Amino acid sequence: MKRWLLLGLLGLLLLLAACQSEEPSGPDIEAEGVWARPAVMGDMGADQDGHGGMGGPMPGTGAVFMTLQNRGDEADRLMSAQTDVAQVVEVHETMIQGDVAKMQQITGGIELPAGGSVTLKPGGYHIMLIGLKRDLGPGDTFNLMLNFETSQDLNLEVEVRQP
Amino acid sequence: MTKRLVLVWLVVASLGVLLVACGGGDGSPAGPTESPFRGSVLSQPVPAYDFSLNDQHGQPFRLSDQRGKVVLLFFGYASCPDVCPTTLGDWKQVHARLGEDADRVRFVFITVDPERDTPERLKQHLALFHPDFIGLTGSLEELEPVYQAYGVYYEKVEAPESALGYLVNHTSSDFVIDPQGNWRLRHSFGTPIDDIVHDVRLLLED
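Each chain has its residues counted from 1, running along the sequence as written. Following the order in which they are written, the chains are lettered starting with A and the ligands numbered starting with 1. Thresholds applied to this predicted model are a pLDDT of at least 70 for local features of residues and 80 or more for the giving and counting of side-chain atom pairs; totals over whole chains, interfaces and linings are not thresholded and use all residues. Note that water and hydrogens are dropped before the side-chain values are worked out from all heavy atoms of the structure.

### Brief notes about the interface of chain A and chain B
Next up, step 1: Residues are treated as being in contact if the distance between any of their heavy atoms lies within 4.5 Å. In this complex, chain A contributes 40 residues to the contact, which on the side of chain B involves 35 residues.
Next up, step 2: The contact between chain A and chain B buries some 2,900 Å² in all, and 58% of this surface belongs to carbon and sulfur atoms.
Next up, step 3: Salt bridge, as applied in this entry: a Lys or Arg side-chain nitrogen positioned within 4 Å of an Asp or Glu carboxyl oxygen. There are two salt bridges connecting chain A and chain B.
Next up, step 4: Pairs of N or O atoms are called polar contacts if they sit within 3.5 Å, as long as, within protein, a hydrogen donor faces a hydrogen acceptor (for residues adjacent in sequence, only side-chain-to-side-chain pairs). At the junction of chain A and chain B, the tally comes to 15 residue pairs in polar contact (both at pLDDT 80 or more).
Next up, step 5: For helices the rule is a DSSP run of H or I covering at least 4 residues; for strands it is a run of E covering at least 2, with both sets numbered from the N terminus onward. Elements with a contribution of two residues or more to the side of chain A that touches chain B: strand E2 (61-70), strand E4 (86-97), strand E5 (100-105) and strand E8 (125-132) of chain A.
Next up, step 6: When residues in the side of chain A that touches chain B are grouped by element, the largest group, six residues, is from E5 of chain A.
Next up, step 7: Throughout, the ten residues Ala, Val, Leu, Ile, Met, Phe, Trp, Tyr, Cys and Pro are labelled nonpolar, Asp, Glu, Lys and Arg are labelled charged, and all others, Gly among them, are labelled polar. In the side of chain A that touches chain B, the residues fall into 17 nonpolar, 17 polar and six charged. Two parts placed together each lose some accessible area under a 1.4 Å probe, and adding up what both lose gives the buried area.

### Side note on the sheet that holds strand E6 (residues 134-137) of chain B
All names here are of chain B.
Next up, step 1: Strands were regarded as paired on the criterion that DSSP finds at least two bridges between them. Within the open sheet, the eight strands sit side by side as E1-E10-E9-E4-E5-E6-E2-E3. Their pairing is mixed. Every other strand in the sheet has two partners, leaving strand E1 (40-47) and strand E3 (60-62) as the edge strands with one partner each. Averaged over all adjacent pairs, the angle separating strand axes in this sheet is 35°, with direction ignored.
Next up, step 2: By the bridge criterion, three bridges tie strand E5 (residues 105-111) to E6 in an arrangement that is parallel. Opposite Phe-109, over in E6, you have Gly-135 as the bridge partner.
Next up, step 3: Between N-to-C directions, angles cover 0 to 180 degrees, with each direction set by a line fitted to C-alpha atoms, over the stretch in contact for helices. Against the sheet, helix H3 (residues 119-127) makes contact with strand E2 (52-55), E5 and E6, and its axis sits at roughly 155° relative to E6, the strand it touches most.
Next up, step 4: Along the sheet, helix H4 (residues 140-149) makes contact with E2, strand E4 (70-76), E5 and strand E10 (182-187), crossing E5 at roughly 115°.

### A look at H4 of chain B
Residue and element names in this part refer to chain B.
Next up, step 1: Only protein chains enter the accessibility calculation, which uses a 1.4 Å probe; a residue whose area is less than 20% of its type maximum is buried, one above 50% is exposed, and one in between is partly exposed. Those residues of H4 not exposed but buried are Leu-143, Val-146 and Tyr-147. Taken end-on, H4 shows its buried residues confined to a sector of 100°, consistent with a single buried face.
Next up, step 2: Check the buried side of H4 and you find it contacts E2, E4, E5 and strand E7 (154-159).
Next up, step 3: A positive phi of about 65° marks Gly-151, the residue just after H4. In this description, one arc is meant: the one made by directions from the helix axis to the C-beta atoms.

### Overview of the pattern of salt bridges
Next up, step 1: Following the criterion strictly, the structure yields 15 salt bridges over all chains and no others.
Next up, step 2: Arg-71 of chain A is paired through a salt bridge with Glu-30 of chain A; the nearest N and O atoms lie 3.1 Å apart. Taken together, the residues span a long stretch of sequence, with Arg-71 of chain A in the loop between E2 and strand E3 (76-83) and Glu-30 of chain A in strand E1 (residues 29-36) at a distance of 41 residues.
Next up, step 3: Classification of Arg-71 of chain A as partly exposed rests on a relative accessible area of 47%.
Next up, step 4: Overall, Glu-30 of chain A belongs to the partly exposed group, its relative accessible area being 34%.
Next up, step 5: Here Arg-37 of chain A ties to Asp-82 of chain B by a salt bridge, and the two come within 3.9 Å at their closest N and O atoms. Of this pair, Arg-37 of chain A sits in the loop between E1 and E2 while Asp-82 of chain B sits in the loop between E4 and helix H2 (83-98), which puts the two residues in different chains.
Next up, step 6: Judged by relative accessible area, Arg-37 of chain A falls into the buried class, the value being 4%.
Next up, step 7: Because the salt bridges share partners, they merge into one network encompassing Glu-30, Glu-32 and Arg-71 of chain A.

Next comes the structure, spelled out in structure tokens:
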């Protein structure tokens with residue numbers, strides 16, 4: 001609880017600090033090098049309960065990678081994303097611990113520090129497409145919309161290619 | 001059991017790192033005690049545990065039938081969006097770099113998610129990378145002894161907030177078997193393509 005209070009206070013301070021500067025610009029996010037792996041649709045697309053189960057539908061999955069630059073003077077967070085080509089889009093992270101690959105869903109978003117950049121890349125953060133509605137072949141493109149905590153949505157064109 | 005094997009592997013891997021660290025720089029001639037390989041080398045080659053599983057086309061695949069060929073094994077799953085396709089993408093490049101020698105190499109992907117990875121699903125998934133790649137699946141009872149023999153760690157992790165329902169944490173390195181059927185090497189996730197090609201070529205020359 002205390003931590004949240006502190007964070008809140010910090011946030012307020014940051015806001016105040018921002019107000020004092022002459023030109024408050026906030027975060028300014030740009031995406032570069034946006035690409036997705038080729039992927040297949042799967043059998044029937046995702047089932048709404050998630051669990052495939054024995055003989056159940058197998059959602060086709062894909063992953064999108066990119067570098068997000070925050071040229072602004074305020075941090076932001078990548079919270080979620082949407083696309084027409086998949087039923088569900090989630091933010092995931094892979095970690096290699098020892099020799100074991102672990103994947104986890106990021107529910108609190110990815111921090112994009114002011115003046116910094118974060119790269120979503122194989123073996124790290126990725127935007128995961130679940131329940132593909134069509135195959136993603138090399139050379140294909142599709143649209144992806146990124147949602148941030150502060151910044152406006154960002155519409156991207158994603159190119160499908162082999163890494 | 002699995003944890004012990006993981007420990008053993010950690011020791012082997014650290015020894016490998018030590019070896020690399022103690023060895024000369026790149027390009028220096030290999031000393032008598034230095035491994036010519038770039039992956040982690042098993043101190044004593046062991047006969048690779050033999051198994052027979054069905055491939056993505058429903059055909060039986062027996063490891064001991066692959067004598068004369070180098071076999072690369074990787075354990076993963078088709079819904080895995082990152083580590084597994086990265087490895088398969090690397091393999092595709094290894095295959096291309098090997099040229100005609102690739103005919104003497106088997107690229108074998110064994111599922112750690114038999115519940116979802118039907119032969120059909122593996123077929124679709126592997127077709128994205130190379131038609132020659134082999135995907136093996138079966139019942140957990142058939143697969144478990146293979147995981148055990150190679151010290152493969154896998155853990156189904158419930159992901160209630162994810163549309164996938166569950167994810168599978170798993171060993172991310174490959175297992176390299178020489179043309180005589182001995183398990184010789186491992187490459188950790190992210191090993192450069194060059195190093196894998198180099199090691200496969202050395203084993204083919206054996």
